[in-house]
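Coordinate analysis (summary)
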Amino acid sequence: MNTPELGLPMPVPAAGLPARVRIHEVGARDGLQNEKATVPTAVKAEFIRRLADTGLTTIEATSFVHPKWVPQLADAEELYPQISDLPVSLPVLVPNERGLDRALALGARRVAVFASATESFAKANLNRTVDESLAMFEPVVSRAKGEGDVHVRGYLSMCFGDPWEGPVPVPQVVRVCRALLDMGCDELSLGDTIGVATPGQVTALLAALTEAGVPVSALGVHFHDTYGQALANTLAALQQGVSTVDASAGGLGGCPFAKSATGNLATEDLVWMLRGLGIDTGVDLGRLVATSVWMAAHLGRPSPSRTVRALSHQES
Ligand code: HMG
Ligand code: MG
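Let me begin by describing the structure that accompanies this report. (Residues numbered from 1 in each chain as written. Chains lettered and ligands numbered in written order. Predicted model: local features only at pLDDT ≥ 70, side-chain atom pairs only at ≥ 80, totals over all residues. Heavy atoms only, no water.)

Next up on the list: the overall build of the chain. Scanning the chain from terminus to terminus reveals 12 helices and 11 strands. Expected size for 316 residues packed as a compact globule is a radius of gyration near 20 Å; at 18 Å, the chain falls within 12% of this value. For the chain, the spread of C-alpha atoms along the three principal axes comes to 55 × 45 × 35 Å. Per-residue burial over the chain gives 55% buried out of 316 residues. Taking as baseline every contact in the chain between residues at least 6 positions apart, the subset at least 24 positions apart corresponds to 74%. On the chain, roughly 12700 Å² of surface is accessible, and the fraction owed to carbon and sulfur atoms is 54%. Between the averaged position of the 25 positive side-chain charges in the chain and that of its 33 negative side-chain charges there is a distance of 3 Å. (Helix = DSSP H or I, 4+ residues; strand = E, 2+ residues; numbered from the N terminus. Rg over C-alpha atoms; globule rule 2.2 N^0.38 Å. Buried < 20%, exposed > 50% of the residue type's maximum accessible area, 1.4 Å probe, protein only. Contact = heavy atoms within 4.5 Å. Areas by Shrake-Rupley, 256 points an atom, 1.4 Å probe, with all protein chains shown as cover. Lys, Arg positive; Asp, Glu negative; His and termini not counted. Charge placed at Lys NZ, Arg CZ, Asp CG, Glu CD.)

On to the environment of His 66, then. Locating His 66 in the fold gives a position in the loop between β3 (62-63) and α3 (76-83). Judged by its relative accessible area of 42%, His 66 falls in the partly exposed class. Along the sequence, His 66 and Pro 95 sit 29 residues apart, while their C-alpha atoms lie 8.9 Å from each other. Here Lys 68 takes part through its backbone nitrogen, which lies 2.9 Å from a polar atom of the side chain of His 66. (Polar contact = N/O pair within 3.5 Å; in protein donor to acceptor, adjacent residues only side chain to side chain.)

Glancing now at the sheet that holds strand β11 (residues 244-247). Taken in spatial order, the 9 strands line up as β2-β1-β11-β10-β9-β6-β5-β4-β3 in an open sheet, and their pairing is parallel. This sheet does not close on itself; its edge strands, each paired only once, are β2 (58-59) and β3. Across 4 bridges, the pairing between strand β1 (residues 22-25) and β11 is parallel. Across the sheet, residue His 24 finds its bridge partner in β11, namely Asp 246. (Pairing = 2+ DSSP bridges.)

This part is about empty space enclosed by the protein. The final tally for this structure, using the stated rule, is 1 cavity of 30 Å³ or more. Space inside the largest cavity adds up to approximately 70 Å³. As for the largest cavity, its lining consists of Ala 249, Gly 250, Leu 252, Ser 292, Met 295, Ala 296, Leu 299, Arg 301, Pro 302, Ser 303 and Pro 304. The residue makeup of the lining of the largest cavity, split by class, is 7 nonpolar, 3 polar and 1 charged. (1 Å grid on protein atoms, 1.4 Å probe; cavity = no way out; pocket = protein on both sides within 12 Å on 5 of 7 lines; lining within 4 Å. Points joined across faces, edges and corners; volume = space filled by probe spheres on them. Nonpolar A, V, L, I, M, F, W, Y, C, P; charged D, E, K, R; others polar.)

Here 2 bridges tie β1 to β2, and the two strands are oriented parallel to one another. Of the residues in β2, the one forming a bridge with Glu 25 is Ile 59.

If you check helix α8 (residues 199-211), its first and last C-alpha atoms are 18 Å apart, about what 13 residues at 1.5 Å a residue would give, namely 18 Å. Burial in α8 covers these residues: Val 202, Leu 205, Leu 206 and Leu 209. Down the axis of α8, the buried side of the element spans an arc of 95°, and every buried residue falls inside it. In this structure, α8 carries Gly 200 and Glu 211 as exposed residues pointing more than 90 degrees from its buried face. The secondary structure elements touched by the buried residues of α8 are α7 (170-183), β9 (187-192), β10 (219-223) and α9 (230-239). Just downstream of α8, Gly 213 is the residue with a positive phi angle, here 85°. (Expected span 1.5 Å × (residues − 1). Arc of directions from axis to C-beta.)

Let us now look at the site of ligand 1. Among the 28 residues in the neighbourhood of ligand 1, the closest are listed as His 66, Asn 96, Asn 125, Ser 157 and Thr 193. Val 65 is positioned with one of its backbone polar atoms (N or O) 3.4 Å from a nitrogen atom of ligand 1. Side-chain polar atom of Arg 102 to a nitrogen atom of ligand 1: 2.8 Å apart, as the coordinates give it. Burial of ligand 1 by the surrounding chains reaches 76%, relative to a free accessible area of 1100 Å². Assessed atom by atom at 2 Å from the grid points, ligand 1 resides in the largest pocket. Going through the elements one at a time, α1 (27-31), α4 (97-105), α5 (119-126) and β6 (151-157) are the ones with two or more residues in the shell around ligand 1. (Near = heavy atom within 4 Å. Sits in = over half its atoms within 2 Å of the grid points.)

Attention now goes to the layout of surface pockets. Taken as a whole, the largest pocket holds about 600 Å³ of empty space. Residue lining of the largest pocket: 33 residues in total, with Val 65, Pro 95, Phe 114, Asn 125 and Leu 126 positioned closest to the centre. For the lining of the largest pocket, the secondary structure elements donating two or more residues are α1, α4, α5 and β6. Looking at the lining of the largest pocket residue by residue, the class counts come to 16 nonpolar, 12 polar and 5 charged. As a volume, the second largest pocket reaches approximately 380 Å³. As for the second largest pocket, its lining consists of 21 residues, and the residues nearest its centre are Asp 225, Gly 251, Gly 263, Asn 264 and Pro 304.

Written out as structure tokens, the structure is:
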């Protein structure tokens, strides 16, 4: 019989779910990019080191974007060499060839381009139409794959709802997913940038993508938790065979170009649910909670993660 450990849920597996989930940790990038006060580079480096020490194997480190657009991540050149020795994957965001050059110069082996399913967010986030941004990514992806086979993730934002355009039609999402895969992206991450999706929508989008010939093994999900739906949406995605889930330690985050976005699904909340379902993540929950409490002290406010609060007795 399964026995519960103190501070951990009772593992009771459910049918039809993956045996293992890879968590793509985005706290240091998506989590911090919206922070108003500059977080010192040394704090970011220690955050990433502590995250690596919890057993997380994919830790998105920073973005090589225009520093005026995301001032918080303007120290990417300084930060990356301080963490590049870690024995984990350290993907970085690159919007264009300039970003790719900067990342490759530092030895990055995993990069991510980031598209939008809607015109409004493409304009706000990339100063381009959807098709112009795809044209901007094309040489990034072909060079990354051609020059030394760098792994490329393709993010797709606003897959469910958009703050300017409302609900996003599924075919619009499928079209951009196909374009990113046809370009050569190794995996896609389906973003609910403003956290409005509900599980039925997730199931419907994944079914449409399967019908369009997109293998579920190439898909990850990226839920923001604005309306408290991120875990429910994650479970819906796992039931469709998705086994890569993005999450942010302590639930940090938001998007500077979509005001209604809050933090991502908290990694601790995800680990709690997966552990309860008997799904292996390789993550030490106690260490992760301690890391988020440490980071919350640096940011000067408590973590919004329910699991962090429950396990740390953090002041709220
Ligand atoms: P632009 O102003 O159109 O840029 O911005 P441009 O191509 O016209 O170039 C203007 C100047 O910027 C030039 O300099 C370029 O060299 C320079 P100048 O010749 O005038 O001196 N420049 C750069 N400098 C450094 N690094 C670069 C770079 N590129 C150009 N990479 C651009 C276009 C794409 C650059 C800009 O819109 C940008 O940086 N956007 C980034 C936005 C961003 O980071 N958003 C957050 C990440 S996405 C997200 O959070 C969603 C996600 O989490 C999923 C979800 O939740 O949905 C992934
Ligand atoms: Mg995001």
